Each structure stands twice: as C-alpha cells, then as structure tokens.
Amino acid sequence: MGREPLRDGHGRLIGDLRLSVTDRCNFRCQYCMPAEGLPWLDRAEVLRFEEIERLVALLAQMGVRDVRLTGGEPLVRRDFPTLVGLLAPVVDDLAITTNGFLLERDAAALVAAGATRFNVSIDSLQRDRFYEMTRRDALPRVLAGLEHLAQFPEAHPIKVNAVALRGFTEDELLPFAQFARSHPYEVRFIEFMPLDADRTWSPDQVLTGDEIRAAIHELYPLEPEPREPHATARVYRFVDGQGRIGFVNPVSEPFCGDCNRIRLTADGKLRTCLFSLNETDLRGPMRDGATDDDLEAILRDAVWRKELKHHVNEPGFIQPERSMSAIGG
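For clarity, every value in this text was computed on a predicted model and none was experimentally measured.

(A) Here's a closer look at the overall build of the protein. A tally of regular secondary structure across the protein gives 10 helices and 12 strands. Relative to a compact globule of 329 residues, whose C-alpha radius of gyration would be 20 Å, the protein shows 19 Å and is just as compact. Judged by the C-alpha coordinates and their principal axes, the protein covers about 60 × 45 × 40 Å. Sequence-distant contacts in the protein: of pairs separated by 6 or more residues, those separated by 24 or more amount to 73%. Only carbon and sulfur atoms are counted for the fraction: they give 51% of the accessible area of the protein, which is about 14,200 Å². Taking the average place of the 41 positive charges on the side chains of the protein and the average place of its 52 negative ones, the gap between the two points comes to 2 Å.

Listed below in structure tokens is the structure:
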C-alpha cells in the first residue's frame, strides 16, 4: 500500500533513513567515545528486528527508499545479517557503515542478504596511529576485512571513511590519496563534528575539506565531479583517472539545504537532524499497540518540524546530549 510522500515543513521530500541497530561498539575512537566506553542500553530498550522491519516498511511506503544501517558498530548486533535480509526487499538501497573489525567474518553473509553498499571507517593507514585514534590494535584485521569485502562485485562501490582532525590527519593525507589511487575504494574525509562523548570539540580541531583537498591536489591534481542531489560528499576524481576521493564538510560547508535524511536511534527515537536537541519516541507507541496509521501521524508531525539547518557555526550552538555512537553514525 502506498502512502503520501513524507515531506518536511520546508518542502523537502524525505527519502533517506540512517538507522542505528545498536549503541554498542568494539572500538573507542577519540572523536566518539571516552576510553572507558559508555553505558550501554539494556537489551529490552533496543528495537527488535520485527519492530525495525515494521518501521522501515512503513517509511518505505512514504518514499523513504534509501536506508543506511549504523551503530555503534552494527556488526556486533547478534544475527545482523538476518536483519539485512528482512530489510533488503523493502527498500531500493541498503547500505552499511562499519568499522570493519568483523567484516572478514560477515561480508559474505551481508552481501548474500542484500546489502548493496558499504562504508568502512579507517582513520589511519599506520598501525600505531590507528591504535592511537581507535584505542584498538586492529588495523591489520580491518584491512583484511576490507580486502575480503572487495572480492564481492555486489559490494562495490566501497567507500573508506576517515574523520579528519587537525594535528592528526595531516600526516594521513598523501597515504590515503595513494590508497585511493591503488585500490578500488573511494576514500572520504569527514570533518570532525561536535558529537564526541568527551565534549571537547572546538572549531580549531576541524581540518577542513578544502585544506585537505588543496594538500592532495598539489601532488595529485583533482577535478570536481557534479554533486548529486542530497549528497553529503563533494567528490573529486584524480585528473589522470586513477580513482576518486570525497570530502564531507558539514562544519565548513554545510549541505543542509537539500537534506532529505532522518535518523532512528537503536532505542527507537526519531531524530530529524544529526544535531537535533529533540527526539520523537516511536518504540513506546509501537509497544503500546499503535497502528501503522498512528505511527504515520507521529512520523509526519515530527518530520514536518525538521530543522532547516544545523547551527554548528553559530553563537549559542548547543551540542546534542547524545554522542555519535548513541545517535548512529
């Protein structure tokens, strides 16, 4: 059954859902979690597979056909490939963002279940610096998982995400550029955002996409590709044709104007912006017996109030209470 398209109060059609399946993670990245980790949600608080499937199916009827599964680290969710298999037939595009630690174990099952795209987070290609950033000595295992995933043609294009922090990432730029030129992956640098659990973010820690692009361009000339509607990344190709590289610049170059994304946390809260200060509970009504029509009304009311933009660069900006791992990366 089709339903009216989901639209916000600024006229934007909503077509993309970022869905966190767990708040748990096996890494402790500096830009996301404290070294000791965070208190995890109780199992009863986390949406069950059938609840996730119901919400995704309902949203798909309203035109939300692109879904990205995130965490925490989604692959630590028990029987995660089963969930992928439930959702893949419901949507047009089912992507996964992962730290790659369990990819060697799960890649075949995830591809077979219907996952169509993968983003693998790797913040350094040097083992000691990877450990410094993630607090886990796991780079060889992550790279092995990435290589295993690359064996499946259905998994391409594969993107490698690196969070860019001033004072750290400058030394990673050329190695990552060379990595993008010699492997079938598109490297994407993501500006450091104020979503860290330690709440130590400051603007001077942001290494901007323009700075990164300029540094790479000096050695490996780049030319821009057209920006796709609603895209988060500005993508460039190497002039000699050897690969592509992308820049996600939410701090220095916000892309809010045509944002078509909403988010669902692992405990069933709808967030209409990554930096929302308010959430809308869907788990409670669902478990209290709400019909699909009831849930649709809740969704439409919340999405109608979707923020026009985030306010990261403005005076009085308030960082969300939840960190990135609890919201969904």
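(B) Fine view of the UniProt feature "binding site: S-adenosyl-L-methionine" (unreviewed entry) in the protein. Taking the UniProt record as the reference, the feature "binding site: S-adenosyl-L-methionine" (unreviewed entry) is found at Y31, G72, S121 and M193. Inspection of the secondary structure assignment puts S121 in strand β4 (residues 117-121). If sequence neighbours within four positions are ignored, S121 has contacts with T97, T98, N99 and N161. As for its placement among the helices and strands, M193 is situated in the loop between β6 (185-191) and α7 (209-219). Sequence-distant contacts of M193, that is, excluding residues within four places in its chain, are made with W201, P250, V251, L274, F275 and M324.

(C) Quick look at helix α4 (residues 127-134). Within the span of α4, buried status applies to R129, F130, M133 and T134. Along the axis of α4, the buried residues cluster in a sector spanning 120 degrees; they form a single face. As for α4, its buried residues are in contact with α5 (139-150). Following α4 by one or two positions, R135 has its phi on the positive side, about 60 degrees.

(D) A look at unusual backbone geometry. A cis amide bond, omega 20 degrees, links G71 with the succeeding residue G72. Structurally, G72 is set in the loop between β2 (66-70) and α2 (80-87). Residue H156 is joined to P157 through a cis peptide bond whose omega torsion reads 5 degrees. Counting through the fold element by element, P157 comes out in the loop between α5 and β5 (158-164). For H230, which is not glycine, the phi dihedral falls at a positive 70 degrees. Residue position: H230 is located in the loop between β7 (222-224) and β8 (234-238). Judged by relative accessible area, which is 34%, H230 ranks as partly exposed.

(E) Focus on the packing of aromatic side chains. Within this structure, the stated rule accounts for seven aromatic pairs. A ring pair is formed by F179 and Y185, whose centres lie 5.6 Å apart and whose planes are at 35 degrees; its orientation type is tilted. Using a relative accessible area of 12% as the deciding quantity, one classes F179 as buried. Look at Y185 and you get buried, because its relative accessible area is 6%. Both rings, one in Y220 and one in F238, keep their centres 6.2 Å apart while their planes meet at 85 degrees; by these two values the pair is edge-to-face. Of this pair, Y220 sits in the loop between α7 and β7 while F238 sits in strand β8, and the two are 18 residues apart along the sequence. Here Y220 matches F238 in class, with each residue buried. A network of ring pairs unites the aromatic residues F176, F189, Y236 and F247 as a single cluster. The aromatic ring of F101 is capped on one face by R141, whose charged end is 3.8 Å from the ring centroid. Of note, R181 hangs over the ring of F238, and the distance from its end group to the ring centre comes to 5.1 Å.

What counts, and at which threshold
Residues numbered from 1 in each chain as written. Predicted model: local features only at pLDDT ≥ 70, side-chain atom pairs only at ≥ 80, totals over all residues. Heavy atoms only, no water. Helix = DSSP H or I, 4+ residues; strand = E, 2+ residues; numbered from the N terminus. Rg over C-alpha atoms; globule rule 2.2 N^0.38 Å. Contact = heavy atoms within 4.5 Å. Areas by Shrake-Rupley, 256 points an atom, 1.4 Å probe, with all protein chains shown as cover. Lys, Arg positive; Asp, Glu negative; His and termini not counted. Charge placed at Lys NZ, Arg CZ, Asp CG, Glu CD. UniProt positions renumbered as here; feature names shortened; annotations may be inferred. Buried < 20%, exposed > 50% of the residue type's maximum accessible area, 1.4 Å probe, protein only. Arc of directions from axis to C-beta. Phe/Tyr/Trp six-rings, centres within 6.5 Å; stacked < 30°, edge-to-face > 60°. Lys NZ or Arg CZ within 6 Å of the ring centre and 35° of its normal.

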